[in-house]
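Notes for the structure review
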Amino acid sequence: MGLFSTVTEALKASTQAANRGDVTDTDSEGAYWCHDCDERIRDVDVTGEEPPDCPDCGEAMAFERSAASTGCAC
């Protein structure tokens, strides 16, 4: 049962943290998306208060994902 309990604990722990993958020193609250072009820009990479324009089509990007979300915004 040692291997089974180890795998079970690892799976439980992986679903409890909002930060997954590349964790940076800067806490991100989400990302800006262009759904037409599938472009993504993290909120910490944007300067100013206005949503950025998509680098491909020039349309305003939409902000998605709240800070309380434990799901991936990938």
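Our structure's up above, just so we're on the same page.
What comes next is a walk through the structure. Because the structure is predicted, anything quoted here is derived from the model rather than measured. (Residues numbered from 1 in each chain as written. Predicted model: local features only at pLDDT ≥ 70, side-chain atom pairs only at ≥ 80, totals over all residues. Heavy atoms only, no water.)

Observations regarding the nonpolar core
Grouped together as the largest cluster of nonpolar side chains are five residues: Y32, C34, V46, C54 and M61. Filtering out sequence-adjacent residues up to four positions away, C34 remains in contact with E39, C54, C57 and M61. (Core = buried A, V, L, I, M, F, W, Y, C linked by side-chain atoms within 4.5 Å. Buried < 20%, exposed > 50% of the residue type's maximum accessible area, 1.4 Å probe, protein only. Contact = heavy atoms within 4.5 Å.)

Description of the side chain of D43
When you line up the elements, D43 lands in the loop between β2 (39-42) and β3 (62-64). The side chain of D43 is buried and forms no salt bridge, while R42, the nearest opposite charge, is found at 5.3 Å. For D43, the residues in contact, after removing those within four places along its chain, are S28, E29, G30, A31, Y32 and F63. (Helix = DSSP H or I, 4+ residues; strand = E, 2+ residues; numbered from the N terminus. Lys, Arg positive; Asp, Glu negative; His and termini not counted. Salt bridge = Lys/Arg side-chain N within 4 Å of Asp/Glu carboxyl O.)

With respect to unusual backbone geometry
Of note, the phi angle at D38 is positive, near 60°, even though the residue is not glycine. Relative to the helices and strands, D38 resides in the loop between β1 (31-34) and β2. For D38, a relative accessible area of 64% puts it in the exposed group.

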